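Structural features, examined
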Amino acid sequence: MTKAKSFSKQAKAKPKKEQKLDTADDYLSAGVDFEEAAGKWRAGDAAKSIRFFQRALDVYGAGLEKFPRSIDLAYNKARVQLEVATHPILVVQLRQPLKQVLEEALRSHQYALQLDPDNADTLFNTSQVLTAIAELMASDEGDDAASSEAEAIKVLREALELQSKCLSVQERKYQEFLEQERIANEQEENTGGDTTAATDPGNSPESGDAEEDGEWFNVIEPVTRDTLIDTVLAQLGTLTTLCSIMSSSPGAAPEHTFPWVEELSTSLFEKVQTISRDQSDRLQEIALARANLVSALLEAGYKSGKIDVETYKRERDAAFSTAELQLERSVDGLIANARSLLAFNSALTDVNNGDAESQSTLRWNVLTASIANLKSASAILGISHDDLATTHLLRGDASLYLCAMAFPPTLHQTAVNTAAQNAKNAEVYYRNASKLSQDQEEKDIASLKSAVAQYLQTYSQGQAHGDLGNLLNASPRGQGWAISQLEDMVAENLVPQGLLS
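So, here's what we can say about the structure.

Conventions used here
- Residues numbered from 1 in each chain as written.
- Predicted model: local features only at pLDDT ≥ 70, side-chain atom pairs only at ≥ 80, totals over all residues.
- Heavy atoms only, no water.
- Helix = DSSP H or I, 4+ residues; strand = E, 2+ residues; numbered from the N terminus.
- Buried < 20%, exposed > 50% of the residue type's maximum accessible area, 1.4 Å probe, protein only.
- Contact = heavy atoms within 4.5 Å.
- Areas by Shrake-Rupley, 256 points an atom, 1.4 Å probe, with all protein chains shown as cover.
- Expected span 1.5 Å × (residues − 1).
- Bend = angle between axes of the 7 residues up to and from the residue.
- Core = buried A, V, L, I, M, F, W, Y, C linked by side-chain atoms within 4.5 Å.
- Phe/Tyr/Trp six-rings, centres within 6.5 Å; stacked < 30°, edge-to-face > 60°.
- Lys, Arg positive; Asp, Glu negative; His and termini not counted.
- Salt bridge = Lys/Arg side-chain N within 4 Å of Asp/Glu carboxyl O.
- Axes fitted to C-alpha atoms, helices over the stretch in contact; angles between N-to-C directions.
- Parallel < 35°, antiparallel > 145°, perpendicular 65-115°, else oblique.
- Left-handed = near helix turned anticlockwise from the far one by under 90°.

Here we look at the overall build of the chain
Counting its regular elements, the chain contains 18 helices and two strands. When burial is assessed residue by residue, the chain has 48% of its 501 residues classed as buried. Summarising the internal contacts of the chain: among those between residues at least 6 apart in sequence, 70% fall at separations of at least 24. Surface exposure of the chain reaches about 24,900 Å², of which carbon and sulfur atoms provide 48%.

Here's the deal with helix 13 (residues 356–378)
Two residues of an α-helix separated by three or four positions point the same way, owing to the 3.6 residues in each turn. Relative to the 33 Å expected for 23 residues at 1.5 Å per residue, helix 13 spans 33 Å between its end C-alpha atoms, a close match to the ideal helical length. If you check which residues of helix 13 are buried, you get Gln-359, Ser-360, Leu-362, Arg-363, Trp-364, Val-366, Leu-367, Ser-370, Ile-371, Asn-373, Leu-374 and Ala-377. Its buried side turned inward, helix 13 meets helix 10 (283–303), helix 11 (309–319), helix 12 (331–350), helix 14 (385–404) and helix 15 (413–436).

Some remarks on the environment of Leu-402
By the secondary structure assignment, Leu-402 is in helix 14. In the structure, Leu-402 is positioned 39 residues away from Arg-363 in sequence and 8.6 Å away in space, judged by C-alpha atoms.

Notes on helix 15
Between its first and last C-alpha atoms helix 15 spans 34 Å; for 24 residues at 1.5 Å apiece the expected length is 34 Å, and the two agree. Ala-419 marks the point of greatest bend in helix 15, at about 65°. Taken as a whole, helix 15 has its buried residues at Ala-415, Ala-419, Asn-422, Ala-423, Ala-426, Glu-427, Tyr-429, Tyr-430, Ala-433, Ser-434 and Leu-436. On its buried side, helix 15 packs onto helix 13, helix 14 and helix 16 (440–459).

Looking at unusual backbone geometry
Put simply, Pro-408 and Pro-409 share a cis peptide bond, and its omega is 10°. Here Pro-409 lies in the loop between helix 14 and helix 15.

Let's talk about the nonpolar core
Judged by nonpolar contacts, the single largest core of 141 residues is most densely connected at Leu-400 and Val-452. Residues in contact with Val-452, not counting those within four places in the same chain, are Leu-471, Leu-486, Met-489, Val-495 and Leu-499.

Describing the packing of aromatic side chains
By the definition in use, this model includes six aromatic pairs. Taking 5.6 Å as the distance between ring centres and 45° as the angle between the ring planes, the aromatic pair formed by Phe-407 and Tyr-459 counts as tilted. Remark: Tyr-459 occurs in helix 16 and Phe-407 occurs in the loop between helix 14 and helix 15; sequence separation between them is 52 residues. Given the relative accessible area of 13%, Phe-407 is considered buried.

With respect to the side chain of Arg-363
With respect to the helices, strands and loops of the structure, Arg-363 is situated in helix 13. An unpaired buried charge is present at Arg-363: no salt bridge exists, and Asp-350, the closest side chain of opposite charge, is 8.7 Å distant.

Observations concerning the packing of helix 9 (residues 257–275) against helix 10
With their axes 11 Å apart at the nearest point, helix 9 and helix 10 run at an angle of 165° to one another. With respect to each other, helix 9 and helix 10 are oriented roughly antiparallel. Relative to helix 10, the crossing made by helix 9 is left-handed. For the pair helix 9 and helix 10, contact is made by Phe-258, Val-261, Glu-262, Ser-265, Phe-269 and Val-272 and by Ile-286, Arg-290, Leu-293, Val-294, Leu-297, Ala-300 and Gly-301, respectively.

Looking at the pattern of salt bridges
Summed over the entire model, instances satisfying the criterion amount to 19 salt bridges. In this structure, the salt-bridge partner of Glu-179 is Arg-182, at a minimum N-O distance of 2.4 Å. Note that Glu-179 and Arg-182 are positioned in helix 7 (residues 145–191) at a spacing of three residues, about one turn of the helix. Given the relative accessible area of 36%, Glu-179 is considered partly exposed. One salt bridge connects Arg-329 with Glu-328, and the closest N-O pair in it is separated by 3.2 Å. An identical accessibility class is assigned to Arg-329 and Glu-328; each is exposed.

Regarding the environment of Leu-293
Positionally, Leu-293 belongs in helix 10. Sequence separation of Leu-293 and Leu-242 is 51 residues, and the distance between their C-alpha atoms is 9.6 Å. Residues in contact with Leu-293, not counting those within four places in the same chain, are Leu-236, Leu-239, Thr-240, Cys-243, Ser-265 and Phe-269.

Topic: the environment of His-412
Positionally, His-412 belongs in the loop between helix 14 and helix 15. For the pair His-412 and Trp-364, spaced 48 residues apart in sequence, the C-alpha separation works out to 8.5 Å. Once you skip the residues sitting within four places of it in the chain, His-412 turns out to touch Ser-360, Thr-361, Trp-364 and Met-405.

Description of the packing of helix 8 (residues 225–248) against helix 10
For the pair helix 8 and helix 10, the least separation of the axes is 8 Å and the interaxial angle reads 20°. In terms of orientation, helix 8 lies roughly parallel with respect to helix 10. Helix-helix and strand crossings are classified by hand; for helix 8 and helix 10 the assignment is left-handed. Together, Ile-229, Leu-233, Leu-236, Leu-239, Thr-240, Cys-243, Ser-244, Met-246 and Ser-247 of helix 8 and Glu-285, Ile-286, Ala-289, Asn-292, Leu-293, Ala-296, Leu-297, Glu-299, Ala-300 and Lys-303 of helix 10 make up the contact between the two elements.

Right under this line is the structure:
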């Protein structure tokens, strides 16, 4: 999922001897106090943190019952619900199904938009809720998966519409800010530097309704080019998610979707290029978002037969070769490039559009390039613990793909000659990933894959066939879970098709 950006209103209150809940501001103050407490406990005690967040929600809800037209109460309630539903530390503490929590958050955001339809913060956050709902829909692997993916695409288009409206509002406010700044500069020149409240954005009505007694006021920060860039990056992320769904289920989207995505992508690339002039500190981030979208769009286009393999390779390579990306020094960039290469390999496997020998050679080169990128990422000083675990997990996948190429229908000769070694490499990488990962499910998956890779070392030499019972029974999550994982590995062409026969 795209990382949720929090547009939060900053609130301040003067010290109070006792908590009184008589006005809307009283409810806001009490809710913010609970939010601050939740924030303090989030890293150390997630369960306690979510209890404080729930108290904040209870207060905001009670306040809305008395003051149903309070924009700030509605906004804060919706924002907290979004945070609880999308923050990785908090999600695991939820007592309700995630779908239900997200739907409640969506209703709260829709209510807040009814009160203030042009609130850029609420527009943005509503799009984030919709994106999270769409991703949840797309992950549904049940009998109605195709229908869920089609519905997810519709939801993502709605999210994009809200992001577009958000950007329009922000662009207007940015121009207003520039005009205020111009007037202030002119007045300063004319008065010799004596500018007063008339041109101070902090004293304008839009900066919040400051109470004379100082009990409560909202601080709204001016829209800057960084704000605009953040919103465009969110749009690129939403489009990337949409393209990923189109890749996994080419028939889920209407026929006109692909050219529409191409057109919108081009427009956003041009816009962010204009906005980011003289913003050198954002160029790498922008280049990475662009490369990720280009990669996902190319994959969707190739799988749907709209582009050929030469175009896919040429444009994918170009997207990850831009100077702004600084690929050789970027952990995020190297990992993203490796993921893109792995997706390219999978697309080549799923769609047989060329000469078998040349296509298998291309797959081999793509996979070895992926491993090289991951090796470079792991060697960068200061790489995070989680990113290091990811490099080992993905190197394990790439090595297993290489091993699987030794078996029908590919039978790539270099893969045949090195099958046992590639399986051995995968075993080591997965074992390292299992040790490094801080996510228990990821640990268990890596551990199972390591055991499968160990089995493949003898299987590739014709010394083991069929009976995986001991391996499956050894899984701490049970045989059913292990079988499901193994079936996924076969479906993804990580292991030979004949392994389960």
